[in-house]
Each structure stands twice: as structure tokens, then as C-alpha cells.
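# Structural overview for review
Residues per chain, in single letters:
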Amino acid sequence: RLSKPLVRDDGRIYSCSSRNLFAFESNGSIAWTVNLNYICNAEIAPVHGGSRKIFLVAENRVLRINPLNIGTSESAVDVFFGPEPGEEEGEEITGIAVSTLSSSVFINIKNRGLFAYRFQGQLLWSAGPVLYQFGYRQGCRRNDRDCYFTSTPVIDQCEASVYISNTEGELYALSVRSPHFKWIQDFSSLDKSFIITPGNNGRLYVTVPIRALVLALDVFNGTVLWQRRFGPLSTPHCAPVVDSNGWISIGSSDGFLYSFSPTGVVKRFPKADSLESVIQVSPLVDCSGYAVYISQTEMEGKTSHSVGEYTYISAMKPRYAVFVLLAPATGAIYWSERYNGQISTILSESDLRHFVLDETTLLAFVAASKIGNPLPCRSTRQKLASSCAEAEAKHVSIYTGNERAILLFLLLESAVLIILFVAVRFCCIFWRKKKLRSRDLGTFLEKRRSLQVQKKAFDRHIAELENRGAEKAIGNEMIELLGNLVREREGIERKLSTTYSLGRDRPGSKLKILLPLYNGKTRSYSFQCPKKENVTIFHTLSDTSSENSSSEKEAESNFFEGQQWAIKAKIKAKGKAPFKVGGSSEDEINEDYGGTSLGSDMGSEGFLNPSFLNQGCDEPDNKKMNDEGALSHKLIGLGRTMSLFLAARK
């Protein structure tokens with residue numbers, strides 16, 4: 001006796017018998033066979049595992065068969081789950097399912113739970129019928145002692161969900177990636193035993209055989225969308241099928257095929273009364289996914305009687321069978337053929353004559369042979385794509401009520417977010433300023449306001465002096481005062497643009513030291529102005545002892561202050577030779593300052609580039625110094641800066 005068959009896209013039928021797995025061609029001939037070493041479970045059909053692999057249950061083990069290894073040195077059969085040969089027998093396996101999209105195998109073990117494994121054999125997760133979440137128990141609400149999963153797990157490929165029921169009539173929806181329950185629906189008021197069929201179209205169908213009732217559930221939350229009745233079933237295991245149009249079809253022992261649309265519209269086939277026929281097996285979807293094959297058996301002595309809401313049908317013996325191919329969505333019948341005599345004689349000339357055949361196996365071979373089918377075949381992936389497209393997108397309404405109030409609320413919320421963003425941005429800018437990390441923000445703003453007031457005062461005084469100089473000639477003292485005011489204003493502007501700016505810290509226009517050179521007696525310092533002009537100062541050390549180092553530093557710090565009138569005298573003497581400070585010129589300068597000799601005390605000489613004297617670093621290339629007094633004061637300020645730098649470097 002052959003087990004329940006598996007019909008694949010390649011047109012082959014896979015079925016096991018005892019310790020062997022057979023692959024049949026559509027004409028009934030055997031393509032190949034493999035020894036399993038275990039007795040297979042005839043009530044559980046083999047399952048397609050992708051990449052031409054097949055999974056089946058044999059002696060409470062899950063076996064994986066790789067047909068590509070048949071006839072090679074590698075083993076074609078391996079134990080995917082369960083004890084190895086010689087080990088103690090495991091728990092009873094009640095069903096398996098495979099998700100090729102997630103590469104997972106789901107195994108239901110009686111009294112233990114549902115286990116999810118990767119194709120490589122690693123355990124993904126496991127779940128029992130009882131789950132405690134947030135302090136509440138979910139599942140097995142009436143009886144948690146003898147409650148366990150009892151059905152075969154089924155996969156909704158479009159929703160990536162797995163569905164299973166327990167002994168208490170509860171239906172579970174889980175994700176294929178985690179053991180958490182999406183929802184649980186209790187159908188114990190109808191019956192504790194029912195058949196689960198995924199629609200792969202946003203619907204999940206639950207068939208209650210004892211009540212001849214089918215229910216359509218929303219896969220999103222498990223709510224019942226509609227329920228319909230049909231004729232009595234011949235066996236509790238007669239399951240419905242769903243085609244790519246979303247129609248669910250199930251055969252009844254009253255001889256009709258009941259088909260329901262996704263919205264619950266019902267059709268019966270054939271339309272004429274069939275008083276002597278019955279449908280005893282589940283229909284099969286053809287290779288295109290849009291039509292179904294059914295098998296109607298004409299019986300002798302068929303009788304029916306009703307007791308309450310239940311209908312019972314009995315018959316003597318079969319007379320002939322009628323195979324039909326039809327499309328439930330359109331009602332079109334593509335093919336129908338009647339076979340007289342024994343049904344088993346249809347394929348009696350093939351290898352099937354060695355097996356005991358039932359109507360389910362024969363219908364599988366008729367479907368695989370594509371007899372009378374004008375529709376083009378499609379792959380499983382193509383059929384899933386078309387059925388998944390039938391699912392309606394869920395639109396969840398977040399806001400309800402007055403639309404004007406909602407709009408005002410959104411505008412107010414946006415304004416608050418903008419204010420918060422500006423405040424956070426303002427705080428971040430100030431926090432990045434190193435000067436503020438040890439200061440108070442109020443102190444910083446007060447200092448900035450003070451600098452701004454000082455800058456305005458300097459601007460006013462400078463403007464008055466410039467207007468006065470435009471009207472009449474001014475003396476050197478006034479020019480010196482104007483130069484001091486300009487320098488003070490530039491210092492305030494520099495503070496406002498760097499330390500006390502409202503933006504990020506920016507590097508000021510400081511002189512950049514390029515390379516200091518030292519050869520034992522002479523040091524040279526190179527500077528670079530913001531205009532990329534270079535200034536080099538040569539500092540020659542004397543052979544005096546370290547005891548005079550402090551006096552030398554003091555003299556150097558005051559050196560350029562004593563040159564203000566000497567520089568005025570030298571302004572007109574411009575030449576290509578470097579301007580030498582010290583040497584013979586020291587005598588002239590010392591006479592103006594009481595005959596004090598600086599050269600002997602300092603023991604150093606400084607040299608400046610005359611071009612640098614003619615044009616300062618802080619002035620543009622095209623700006624000329626029109627007044628000798630202003631230029632002299634610029635040089636005096638620069639000399640002070642250089643003297644301080646030389647003192648710091650020593």
C-alpha cells in the first residue's frame with residue numbers, strides 16, 4: 001500500500017511503501033527507488049524541501065532524501081531529526097511542514113511541542129502550547145495538563161506564518177522566525193478537531209468536518225470574516241484546496257464540489273443534481289494553479305438521512321468514476337471523462353499494478369499527467385506570487401475624529417519640534433566651544449555684549465579722528481592715538497569672531513610657525529601671515545653664561561619698544577639689504593635713550609625683511625600706507641608681538 005502522494009512541479013509523484021520511497025512518472029512507471037532503512041508513516045505525505053530534496057516521517061524520525069546522490073558513493077538518505085540507529089526510540093511525530101522561503105523545517109512532536117530547524121540542522125526555536133507573557137497564560141486556558149499540539153503544522157508562505165491547533169480546539173498563529181504567538185483563536189465551541197488550510201491570499205480557512213462548516217479568518221488578527229456550510233464529508237480527513245484565484249473547494253459525499261470565493265460566494269459543481277454520486281477524496285489543484293481535478297464516484301444503493309443538523313449518507317458499492325477538470329472562479333469545465341468498471345484498471349498496465357491503489361493515488365496520477373488541461377503550467381513560485389497578490393493591504397487608521405483639530409495638533413507638534421531642534425542646536429554649538437565648558441552661559445553673553453559696546457565706541461572715536469584728519473593736518477600724537485584705537489578695535493573684533501562668537505570655534509588669524517632652526521648659536525623663526533607671506537627672524541645667541549639669561553629675556557621683551565623713533569627715521573631708507581637691528585645702529589638709538597647700550601646686554605641680533613616692513617601681514621596686497629606715522633605705529637605693535645614671541649621661545 002502506498003502512502004499519501006506528493007505531486008511536484010516536475011510531474012512526478014512521490015510516495016513511500018514500507019521501507020522504500022518511490023518516484024513515479026505520470027504514466028505510472030517507476031523513475032527511481034531508494035531504501036529508507038525505516039518504515040515510513042503512510043498517513044503523512046512526503047514534503048517538498050527545495051533543491052530537489054524530500055522530507056518524510058519514518059519510525060518517529062524525519063528523513064531527508066537527496067535524489068541527486070542516488071547511484072553515487074554518497075548516502076541519499078540521512079536522519080535529519082530523531083535518534084540514530086541503535087538509539088532509543090523518540091517521541092511520536094504527528095506532522096511536519098517545510099518553508100522553502102525561510103529554509104526551515106517545522107516538526108510537531110506529541111506532548112513536547114513545535115520545533116523549528118534550519119535546513120542545516122540547527123535548532124531555531126521551539127514552542128509549547130502554553131506561553132506566559134506579561135504574567136498572563138496564553139493557550140490551553142481550560143486544561144493545561146493534557147494539552148498539546150495535535151495537528152500537522154501548515155505554512156502561509158505569503159505571511160511567513162505557521163499555524164497549528166491543540167487538543168482543546170485552539171488555533172495558534174506563530175511567526176516562522178520566532179516562537180511568539182501572533183494570536184490564538186478558540187474554536188472549541190464548534191469542535192476540538194478541525195482542518196487548517198492556508199489561503200496564501202490574506203485568508204486562513206478552518207474546516208470543521210463534523211459540522212460541515214468552513215470559516216474564513218483574517219491572517220492579521222484571526223477574526224472570522226465569514227462562515228459557510230456545505231454537504232457532509234465522507235471522511236474527517238477530506239481537506240479542501242485553495243487555487244491561485246483564492247477560491248477554496250471541497251468535495252462532499254452528496255456528490256457536489258463546493259467552492260467559495262474569498263468573500264464567501266458559494267458555487268456547486270455540477271449544477272444538476274447528482275443523486276447517486278459521491279466525492280470521497282480531496283480535490284487537487286492542477287499545474288497552472290487556476291483549476292482543480294475532482295473524482296466523483298457513481299454508487300449503487302445510495303441513501304441519505306438527517307438527524308438534527310447532521311446528514312448521514314451510505315452506499316452499497318461503486319459503479320464507475322468520473323474525473324473532471326474545472327475552474328471554480330469561472331465555472332468552466334475543461335475536461336471530463338468517465339471510467340467504467342474497477343477504477344484500479346486505469347493504470348493497470350504500469351508499475352502501479354504491484355501496489356494497492358486507492359482513489360486518492362489515482363487522482364494524483366491523473367493530475368500529474370495533465371490530461372485534458374489546456375492551461376499552461378506554472379512553477380510553485382509563480383503560483384505563490386499570483387495568490388499573494390490577492391491579499392489586501394491593511395490600512396491602519398491612527399487618528400480618528402475632527403480632521404481640523406488633528407491638523408492643528410500636527411502643526412503645533414511640528415512647531416514644538418522645530419523649537420526643540422533650535423534649542424538643542426544652540427546648546428550643542430555652545431558646548432563645543434572650549435571657552436564655555438568652565439563658564440556660565442550668562443557670563444559669556446554678558447561679556448559678548450560688553451565687547452560689542454566697546455567695539456561701537458571704538459568705531460565712533462576712529463570715525464571722529466578720521467573726519468578731523470580729513471579737514472586739517474594732525475600731529476604725530478593724534479596719529480599714534482588713531483593707530484592704538486585701530487589695534488584695540490581689531491582685538492575686539494578678533495574676540496567676537498572667535499572666542500565670543502555665536503558659531504563654532506574658528507581658528508584666528510594667528511601667525512603660523514613653520515620651522516624653528518637652531519645650529520648652536522643662531523636660531524631662526526619662520527612665520528606665515530594669513531596672506532601666505534613669510535617672515536623670518538634670525539636670533540643670534542651670545543656666549544654669556546646662563547646667569548644672565550633672565551636679564552637677556554627682559555631686554556629682548558623691551559627691545560622693540562625702544563625702536564619706535566628709530567624706525568621712523570629708517571622708514572625712508574628702503575633697500576634690498578636686510579634691515580639690521582643692532583651693531584653700529586645701536587649707538588645711535590642708545591643716544592636717544594640716555595646712552596644705554598642694549599647690544600652688550602642682549603647678545604643677540606634680529607633681522608627683518610624690508611618688504612615686510614613696507615607691507616604688514618594684516619593688510620591687503622593693494623593697500624598702501626599713506627601716512628608714515630600710521631605705518632610706524634603698525635610696526636611698533638608688530639615689534640612688540642615679535643619680542644614677546646622671542647622671549648617665549650627662549
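Preceding block: the structure.
## A word on the pattern of salt bridges
- Across all of its chains, the model carries 12 salt bridges by this definition.
- Here R61 and E59 are joined by a salt bridge, their closest N and O atoms 3.8 Å apart.
- A salt bridge links E92 to K110, with the shortest nitrogen-to-oxygen separation between them at 4.0 Å. With E92 in the loop between β8 (77-81) and β9 (93-99) and K110 in the loop between β10 (104-109) and β11 (113-118), the pair connects residues that are 18 residues apart, well separated along the chain.
- Taken together, the shared-partner salt bridges in this structure form one network comprising K455, D459, R489 and E493.

## A word on the state of the cysteines
- This model, assessed by the stated rule, comprises four disulfides.
- Between the sulfur atoms of C16 and its disulfide partner C40 the distance amounts to 2.2 Å. The chirality of the disulfide connecting C16 with C40 is right-handed, given an S-S dihedral of about 100 degrees. One end of the pair, C16, is in strand β2 (residues 13-17); the other, C40, is in the loop between β4 (30-35) and β5 (47-48), with 24 residues separating them in the sequence.
- By relative accessible area, C16 is classed as buried at 2%.
- Between C158 and C388 runs a disulfide, and the two sulfur atoms are separated by 1.5 Å. In this structure, the disulfide formed by C158 and C388 twists by about -80 degrees around the S-S bond and is classed as left-handed. Pair noted here: C158 is in the loop between β15 (154-156) and β16 (161-165) and C388 is in helix α2 (residues 380-388), with a separation of 230 residues, a long-range link.

## Notes on the pairing of strand β25 (residues 257-260)
- Neither face of β25 is left uncovered, since the one carrying L257 and S259 and the one carrying Y258 and F260 both have all their residues buried.
- The sheet contact formed by strand β24 (residues 248-251) and β25 spans four bridges and is antiparallel. Looking at the pairing, G251 lines up with L257 of β25.
- The pairing of β25 with strand β26 (residues 266-269) spans four bridges and is antiparallel. For S259, the partnering residue across the bridge sits in β26 and is K267.
- Hairpin remark: β25 followed by β26, antiparallel, with five residues in the connecting loop; positive phi at G264, about 105 degrees.

## Details of the packing of aromatic side chains
- According to the stated counting rule, one finds 18 aromatic pairs in the structure shown.
- Here the aromatic rings of F22 and F355 are separated by 5.2 Å at their centres, their planes lie at 75 degrees, and the arrangement is edge-to-face. Of this pair, F22 sits in strand β3 (residues 20-24) while F355 sits in the loop between β33 (332-340) and α1 (359-369); the two residues are 333 residues apart in sequence, bridging distant segments of the chain.
- Accessibility expressed as a relative area gives 10% for F22, which makes it buried.
- Taken together, a centroid distance of 6.1 Å and an interplanar angle of 35 degrees make the contact between W226 and F260 tilted. Linking W226 in strand β22 (residues 224-229) with F260 in strand β25, this pair joins segments that are 34 residues apart in sequence. The pair formed by W226 and F260 is uniform in burial state, with each residue classed as buried.

## A word on the sheet that holds strand β6 (residues 54-58)
- Ordered by their spatial adjacency, four strands build an open sheet running β5-β6-β7-β8, and the pairing between neighbours is antiparallel. Two strands lie at the open edges of the sheet, namely β5 and β8, each paired on one side alone.
- As paired elements, strand β7 (residues 61-65) and β8 share four bridges and run antiparallel to each other. In the strand pairing of β8, V62 is matched with F81.

Thresholds applied
Residues numbered from 1 in each chain as written. Predicted model: local features only at pLDDT ≥ 70, side-chain atom pairs only at ≥ 80, totals over all residues. Heavy atoms only, no water. Salt bridge = Lys/Arg side-chain N within 4 Å of Asp/Glu carboxyl O. Helix = DSSP H or I, 4+ residues; strand = E, 2+ residues; numbered from the N terminus. Disulfide = S-S within 2.5 Å. Buried < 20%, exposed > 50% of the residue type's maximum accessible area, 1.4 Å probe, protein only. Pairing = 2+ DSSP bridges. Phe/Tyr/Trp six-rings, centres within 6.5 Å; stacked < 30°, edge-to-face > 60°.

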